[in-house]
Amino acid sequence: MFPRTAFTITVNPKIPPRLKRLEELANNLWYSWDRATRTLFSRLDPYLWEAVGHNPKAFLKRVDESVLLKATEDRVFLATYNSILSTYDSYHDASALQNSNGGLNSQDQVAYFCFEFGFHESLPIYSGGLGILAGDHCKAASDLHLPFVAIGLLYRQGYFFQTIDSKGNQQVTYTISDFEDLPVTPVLRPDGSGLQIEVPLLQRQVTAKIWQAKIGHVTLYLLDTDLPENSPQDRYITHNLYGGDRTMRIEQEIILGMGGVRALQALGIQPTVWHINEGHAAFMILERIYNRVQQGLDFASALESVAVNTVFTTHTAVPAGHDYFNAEMMQTYFDNFYRGLNITREEFMALGHVPGSPDFNMTALAIHGSRTHNGVSKIHGGVSANICRDLWPQIEPEENPMSYITNGVHVPTFLAQEWSDLFDRYLGHEWRNKMCDTEYWSRIDTIPDHLFWSVRQSLKSQMFYGIRSRITEQNARNRGSEAHLDRLLKFVDPINPNVLTLGFARRFATYKRATLLFENLDWLRKIILDQERPVLLLFAGKAHPADVPGQDLIRRISQVANFPEFEGRLLLVEGYDLRLARRLVAGVDVWLNNPIYPLEASGTSGMKAGINGAINLSVLDGWWGEGYDGKNGWAIKPGPEDMEGVVRDQEESRALYEILQDQVIPLYYNHGKLGYSPGWVKMAKHSMISLLPRYNATRMVDEYVTQFYRPASAKGALYSANQFTEAKNIAAWKAKIKQAWHGVTLRRLDTPCERIDFDKAVNFKVAAKLNNLAPEDVVIELLICRQFKTTRLCNFNHFKFTFTGIQDSGEHLFELKLTPELCGKQEYFIRIYPHHPLLTHPLEIGLMVWL
């Protein structure tokens with residue numbers, strides 16, 4: 001071939017005036033949960049739609065103008081187009097927005113910070129569960145008309161695209177995004193220039209451009225450092241999601257946290273509630289404190305004024321999973337900064353200090369700089385309270401301020417269109433506004449079983465079509481034969497989708513135990529090789545490029561899938577993304593989840609499967625620990641946390657095999673006269689009825705509003721009023737308490753009574769040495785409960801003592817007259833802790849003395 005230079009030119013079509021609003025639809029991620037909109041684009045040119053990865057904006061830049069002109073004369077297309085615009089306009093009705101704030105006040109504004117956001121495959125700035133959850137949070141906030149903005153980073157490469165070779169090795173490919181093709185637009189100044197901010201990093205200023213993405217009513221602002229004004233090193237900061245070294249990570253988190261605050265200032269947005277979704281964004285606390293110090297507040301008062309309206313959500317279930325930076329790195333990046341706060345290096349490092357570690361912990365910073373903290377399921381709330389117990393050193397983990405709100409999924413995004421149509425027919429169109437009404441969803445039982453089953457089979461067929469396409473491409477690239485492909489696709493038959501199909505799709509991390517099914521291959525063979533009752537196993541997911549053990553799991557699955565007897569019965573599908581995830585959760589019969597307890601913070605894939613009529617089979621961890629009711633799926637009871645790993649895997653895999661062979665397979669293949677199992681349909685219906693109204697993102701966000709956002713906003717206004725008078729008061733009070741608490745003691749003056757008659761009162765009397773504190777600075781209380789082997793503090797009844805005077809010794813006297821309400825042996829304790837009416841949580845200061 002002769003040497004030559006290749007030049008490229010892109011010719012963009014002119015959108016006909018009649019279809020001009022296609023551009024508006026393409027620039028609002030509302031399409032990510034409106035299937036009709038996506039179908040509208042697909043109808044114009046199905047092949048191009050696939051080629052651009054279902055990206056409406058990229059599609060409109062490449063579609064033939066003749067196709068658009070032809071569409072303007074297509075009455076059916078225009079009718080659909082007008083119908084979609086009507087739905088779009090109704091959803092975005094400005095008057096409805098003005099009359100609804102989702103339970104918040106008109107002046108409120110929530111700012112939600114996260115490292116990744118997953119809305120749709122057309123905006124590749126997500127890697128997995130955290131990003132999808134953040135995306136669902138934004139979508140539900142839009143549905144609820146919340147005054148809500150989000151802050152993130154615009155990654156040039158985003159996360160990687162995955163292929164898997166014939167040996168099971170994961171191959172990583174990064175794609176450079178053309179921002180002109182993404183559903184984002186630059187934020188402009190009045191003069192038309194792009195809005196930018198500067199963020200100090202070491203001895204230099206890094207410039208970040210602000211982009212925006214529309215998610216229904218919500219705006220997501222994204223920061224981008226890939227600008228000519230920056231050095232090559234700084235341009236690379238927002239290049240990769242979860243890529244690079246520790247230097248890259250700290251600079252990304254500074255841009256997100258501190259730059260995010262500056263971006264909101266530049267935009268003129270003044271949040272009343274700040275939500276940190278995982279610790280990556282916690283540096284925003286430092287920037288906000290710095291701003292308050294510049295206004296004249298001392299550091300302690302500034303910290304209180306910032307923390308009181310800050311919400312922190314942790315998604316990590318192991319201490320090692322929390323972000324941290326060594327002391328030298330923090331000193332390098334923040335030497336000049338903390339001097340501007342008028343505090344010492346030790347005081348600054350204390351914000352991120354965790355006992356036993358010299359590093360600066362981002363979770364510790366997030367907790368010190370917030371007053372509302374939560375895990376993402378009931379189990380995870382307890383796990384997080386235990387992990388973070390040293391931050392409230394004298395408080396039992398079960399009583400410390402760590403709370404929980406269980407995750408949920410955005411139903412319009414993940415509920416298959418076929419279910420929406422069926423619900424419209426049998427439940428009425430109002431089901432979209434009854435998302436959390438448990439009684440309403442019991443109407444699913446009125447859907448005829450044969451129609452319910454028909455939808456399930458239709459969705460499985462669609463999934464099979466998608467899997468056949470991916471496996472065919474995978475086989476061709478790995479140079480497999482046509483005969484081999486036929487064997488692989490033997491049971492993936494869209495025409496006859498009657499094989500029991502189990503799915504496992506998620507990030508390949510060791511604690512998720514993707515290979516638990518392979519503990520006893522002989523037993524597995526007996527289960528899935530039955531010719532009369534075949535079973536198909538589908539696996540999909542990515543391992544982080546640096547996670548070698550995770551990649552080993554992929555290789556092990558590939559190895560087993562290549563055993564002759566498992567060919568076609570066990571498939572490893574490459575290229576896991578949101579599109580494949582939607583197909584799998586809607587199409588499989590059983591959704592598997594085998595985490596090591598209690599390492600699954602929440603998990604949401606099982607929720608997505610459950611709302612689509614799939615049935616969960618999972619270890620009782622994360623959300624399933626509270627979602628399982630004994631009739632809506634199957635549960636594997638986890639072994640004790642201290643059980644040896646090998647033994648635990650053996651025990652829990654045995655339970656998995658037994659459930660499959662004794663319950664799942666017989667129930668599925670217990671076909672009635674119509675060719676399906678009535679018992680299976682009954683359980684699938686109950687799964688939907690029990691899970692959909694409880695594990696949706698509308699319920700989740702509404703709980704954030706009522707439990708966290710609304711109180712945080714009110715407390716924030718109180719603390720900032722009158723030039724931050726209350727922030728100064730609470731900071732001074734806490735300093736007084738911390739200085740005096742070492743000298744606070746408690747002793748009992750009355751003689752303990754071991755036995756009394758029912759209806760008789762007992763007088764308790766204690767003397768407290770308060771070390772110059774006032775009686776109103778403390779609460780002394782008695783906790784009483786019937787005596788059991790293990791009784792949690794939350795089960796105790798609380799009774800407060802009353803201050804009655806001061807002894808000559810200077811001790812303060814407190815008394816309580818109590819008539820026990822129950823008979824039998826009862827256990828009680830007496831304790832003292834600091835108290836102030838302005839505290840967000842009564843035990844937030846972390847100090848307590850037990851008698």
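Data block above holds the structure.
Residues numbered from 1 in each chain as written. Predicted model: local features only at pLDDT ≥ 70, side-chain atom pairs only at ≥ 80, totals over all residues. Heavy atoms only, no water.

Draft legend 1. Quick look at the overall build of the chain. Along its length, the chain carries 29 helices and 28 strands. Within the chain, the fraction of its 851 residues that count as buried is 57%. Sequence-distant contacts in the chain: of pairs separated by 6 or more residues, those separated by 24 or more amount to 74%. Approximately 36000 Å² of the chain is accessible, and the part contributed by carbon and sulfur atoms is 50%. Side chains of the chain carry 86 positive and 94 negative charges; the gap between the two charge centres is 3 Å. (Helix = DSSP H or I, 4+ residues; strand = E, 2+ residues; numbered from the N terminus. Buried < 20%, exposed > 50% of the residue type's maximum accessible area, 1.4 Å probe, protein only. Contact = heavy atoms within 4.5 Å. Areas by Shrake-Rupley, 256 points an atom, 1.4 Å probe, with all protein chains shown as cover. Lys, Arg positive; Asp, Glu negative; His and termini not counted. Charge placed at Lys NZ, Arg CZ, Asp CG, Glu CD.)

Draft legend 2. Seen up close, the sheet that holds strand S24 (residues 797-800). The 4 strands lie next to each other as S24-S23-S27-S28, forming an open sheet whose pairing is antiparallel. Of all strands in the sheet, those bounded by a partner on one side alone are S24 and strand S28 (849-850). Relative to strand S27 (residues 826-834), strand S23 (residues 778-786) is paired through 9 bridges, and the arrangement is antiparallel. Paired with Leu 783 across the bridge in S27 is Phe 829. (Pairing = 2+ DSSP bridges.)

Draft legend 3. Main features of the environment of Asn 12. Within the secondary structure layout, Asn 12 lies in the segment before helix H1 (22-26). Asn 12 gets classed as partly exposed once you look at its relative accessible area, which sits at 44%. Between the alpha carbons of Asn 12 and Asp 136 there is a distance of 33 Å; along the sequence they are 124 residues apart.

Draft legend 4. Representation of the layout of surface pockets within the structure. If you add up the space inside the second largest pocket, you get close to 1400 Å³. Elements represented by at least two residues in the lining of the second largest pocket include exactly helix H2 (35-44), helix H3 (46-51), helix H6 (75-91), helix H17 (411-414), helix H18 (417-426), helix H20 (449-477) and helix H24 (578-587). (1 Å grid on protein atoms, 1.4 Å probe; cavity = no way out; pocket = protein on both sides within 12 Å on 5 of 7 lines; lining within 4 Å. Points joined across faces, edges and corners; volume = space filled by probe spheres on them.)

Draft legend 5. A look at the packing of aromatic side chains. The final tally for this structure, using the stated rule, is 47 aromatic pairs. When the centroid spacing of 5.5 Å and the interplanar angle of 25° are considered together, the rings of Tyr 338 and Phe 348 count as stacked. Within this pair, whereas Tyr 338 is found in helix H13 (residues 327-340), its partner Phe 348 is found in helix H14 (residues 345-350), the two being separated by 10 residues in sequence. Here a set of aromatic residues connected by ring pairs shows up, and it is made of Phe 283, Tyr 290, Phe 325, Phe 334, Phe 337, Tyr 338, Phe 348 and Phe 360. The ring of Phe 179 is capped by Arg 156, whose NZ or CZ atom sits 3.6 Å from the centre of that ring. (Phe/Tyr/Trp six-rings, centres within 6.5 Å; stacked < 30°, edge-to-face > 60°. Lys NZ or Arg CZ within 6 Å of the ring centre and 35° of its normal.)

Draft legend 6. The nonpolar core, seen in detail. With 175 residues, the main nonpolar core has Phe 283, Phe 334, Phe 348 and Tyr 709 as its most contacted residues. Of the residues forming this core, the biggest block, 15 residues, is contributed by helix H29 (residues 697-740). In this view, Phe 283 contacts Ile 250, Glu 253, Ile 254, Gly 257, Met 258, Phe 325, Met 330, Phe 334, Phe 360, Met 362 and Leu 365; residues no more than four positions away in its chain are not counted. Grouped together as the second largest cluster of nonpolar side chains are 102 residues, Ile 447, Val 560, Ile 665 and Tyr 669 included. (Core = buried A, V, L, I, M, F, W, Y, C linked by side-chain atoms within 4.5 Å.)

Draft legend 7. How the structure looks around the sheet that holds strand S21 (residues 745-748). What the 4 strands build is an open sheet, ordered S21-S22-S26-S25; its pairing is antiparallel. Only two strands of the sheet have a single neighbouring strand rather than two, namely S21 and strand S25 (802-806). Averaged over all adjacent pairs, the angle separating strand axes in this sheet is 30°, with direction ignored. Summarising the sheet, S21 and strand S22 (residues 762-769) pair through 4 bridges and their orientation is antiparallel. Its bridge partner lying in S22, Arg 747 is registered against Ala 767. (Axes fitted to C-alpha atoms, helices over the stretch in contact; angles between N-to-C directions.)

Draft legend 8. Region of the structure containing the packing of helix H8 (residues 129-143) against H29. Where H8 meets H29, the closest approach of the two axes is 9 Å, and the angle between their N-to-C directions is 80°. Taken together, the axes of H8 and H29 lie roughly perpendicular to each other. Residues Leu 133, Asp 136, His 137, Ala 140 and Ala 141 of H8 lie in contact with H29, whose contacting residues are Ala 697, Thr 698, Met 700, Val 701, Tyr 704 and Tyr 709. Looking at the contact of H8 with H29 residue by residue, the classes come out as 8 nonpolar, 2 polar and 1 charged. (Parallel < 35°, antiparallel > 145°, perpendicular 65-115°, else oblique. Nonpolar A, V, L, I, M, F, W, Y, C, P; charged D, E, K, R; others polar.)

Draft legend 9. Layout of helix H27 (residues 645-668). The first and last C-alpha atoms of H27 sit 32 Å apart over 24 residues, in line with the 34 Å expected at 1.5 Å per residue. The sharpest bend along H27 comes to roughly 40°, located at Leu 660. The set of residues buried in H27 consists of Arg 648, Asp 649, Glu 652, Ser 653, Leu 656, Tyr 657, Ile 659, Leu 660, Val 664, Ile 665 and Tyr 668. (Expected span 1.5 Å × (residues − 1). Bend = angle between axes of the 7 residues up to and from the residue.)

Draft legend 10. Structural context of the pairing of strand S9 (residues 273-277). Of all 5 residues in S9, 5 are buried; the element is thus mostly enclosed. Bridge count between strand S1 (residues 110-113) and S9: 4 bridges; the pairing is parallel. Along S9, the bridge assignment pairs Tyr 112 with His 275. As judged from the 4 bridges shared by S9 and strand S10 (residues 310-313), these two strands associate in the parallel manner. The partner of Trp 274 across the bridge, within S10, is Thr 310.

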